[in-house]
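A look at the structure
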Amino acid sequence: MIRRYGGPEVLRAETVPEPVAGPGQVVIDVTLAGLNYADLHCREGSYGCYPLPAVLGADVVGRRRGDGRRVAALLRSGGGYAEVACAEPAFTVEVPDGVSDEQALALLEQGATAYGALTLLGRIRPGERVAVTAAAGGVGHLAVQLARELGAGRVLGVASTEAKRDFVRSLGADAVFDPADPRLAELLGEAGGVDLFVDSVGGGVLRSGLAALAPFGRLLSVGARGGPEESFSVAELAEGSVGVLGFWLQHVLDDRALFADVAARLFGLAERRRLVARIDRVVPLAEVAAAHRAMGARETMGKVLVDVRA
Ligand SMILES: NC(=O)c1ccc[n+]([C@@H]2O[C@H](COP(=O)([O-])OP(=O)(O)OC[C@H]3O[C@@H](n4cnc5c(N)ncnc54)[C@H](OP(=O)(O)O)[C@@H]3O)[C@@H](O)[C@H]2O)c1
């Protein structure tokens with residue numbers, strides 16, 4: 001729980017009354033909660049904050065009270081880092097037997113973001129050259145795998161350490177670059193340029209991606225690390241015949257049939273081991289602050305989970 005916005009130290013494990021379900025909500029006995037980069041913004045009070053005092057945590061997996069079914073849910077008002085959470089039925093999906101709690105949780109928020117961005121907005125076509133930034137991250141490592149699965153011809157990654165780049169190569173990326181490399185735009189632009197650039201970092205990396213786009217290429221932003229907003233002139237985009245797009249998962253969630261379809265596709269791929277989420281670590285509730293520190297320090301690869309019962 002947080003009682004004020006600030007650094008990781010504001011996260012405290014506390015015993016509080018169980019949350020009361022709102023009209024129509026389902027109650028979930030949580031087994032695992034997920035960490036998302038947005039939790040860090042929320043904790044700092046910089047973006048997407050919940051009113052205080054707040055229980056952070058935007059995704060959970062557990063058992064639905066009433067029927068005992070195993071479900072995963074996205075919580076748009078937080079409440080995930082807890083033993084019991086209340087969720088909207090529209091944002092809750094049943095988890096098939098062939099998908100573990102860990103995989104289901106790692107795939108739902110970040111996988112739906114990667115899948116939605118690549119298909120609904122990026123409209124990826126077979127053979128296209130796709131580049132992904134923060135490619136070892138929760139969204140990124142799924143985007144790399146999904147790009148391959150969806151028929152990308154060439155997949156490029158951007159990741160900040162050699163260990164991360166090795167990991168991204170192990171996912172099937174053809175080449176992986178350092179975001180700090182001054183030649184980033186040039187390297188990304190080799191072999192005909194990038195058709196679809198999926199970015200969750202912003203700033204100079206986004207600018208390099210824009211410069212590396214092939215004619216008819218699309219730059220697709222799913223997030224940013226703060227800093228000044230990038231600006232583009234329409235003339236600049238027209239000169240390159242390129243587009244800049246932004247994606248927010250909420251618009252998938254607003255359409256229950258679409259969300260259920262995306263979740264079913266992700267779980268189907270997971271059951272066939274065509275999509276495997278990497279679990280970076282599983283921490284007890286008492287160590288959530290340390291996990292926030294690690295994510296903020298760019299130390300994590302894949303998904304960080306919280307075992308709320310440990
Ligand atoms: N649009 C949506 O609906 C939606 C939904 C979910 C998530 N997102 C966004 O997707 C992005 C990825 O989320 P995630 O939870 O999967 O996180 P993540 O990618 O696992 O972690 C963030 C990564 O960003 C990179 N990064 C670059 N500059 C950084 C900096 N100054 N400080 C910290 N990290 C930096 C790091 O990778 P390197 O060290 O390799 O650069 C880091 O590992 C976030 O921007 C998030 O808000 C958007």
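Calculation notes
- Residues numbered from 1 in each chain as written.
- Predicted model: local features only at pLDDT ≥ 70, side-chain atom pairs only at ≥ 80, totals over all residues.
- Heavy atoms only, no water.
- Pairing = 2+ DSSP bridges.
- Helix = DSSP H or I, 4+ residues; strand = E, 2+ residues; numbered from the N terminus.
- Axes fitted to C-alpha atoms, helices over the stretch in contact; angles between N-to-C directions.
- Buried < 20%, exposed > 50% of the residue type's maximum accessible area, 1.4 Å probe, protein only.
- Right-handed = clockwise from strand over helix to strand, strands pointing away.

1. Details of the sheet that holds strand 11 (residues 243-246)
A sheet is described by the order of its strands in space; here six strands give the open sequence 8-7-6-9-10-11, paired in parallel fashion. The outermost strands of the open sheet, each flanked by one partner alone, are strand 8 (175-177) and strand 11. Going across the sheet, the axis of each strand differs from the next one's by a mean of 20 degrees, ignoring polarity. By the bridge criterion, four bridges tie strand 6 (residues 129-132) to strand 7 (residues 154-158) in an arrangement that is parallel. Along strand 7, the bridge assignment pairs Val130 with Val155.

2. Focus: the pairing of strand 9 (residues 194-199)
The buried count for strand 9 comes to six of six residues, which makes it a mostly enclosed element. With three bridges joining them, strand 6 and strand 9 adopt parallel strand pairing. Within strand 9, the residue paired with Val132 across the bridge is Val198. Alignment of strand 9 against strand 10 (residues 213-221), held across five bridges, turns out to be parallel. Following the sheet pairing, Val194 is matched in strand 10 by Leu213. Each parallel crossover has a hand, and for strand 9 linked through helix 6 (residues 203-211) to strand 10 it is right-handed.

Such coordinate-based values are descriptive only and should not be taken to indicate function.
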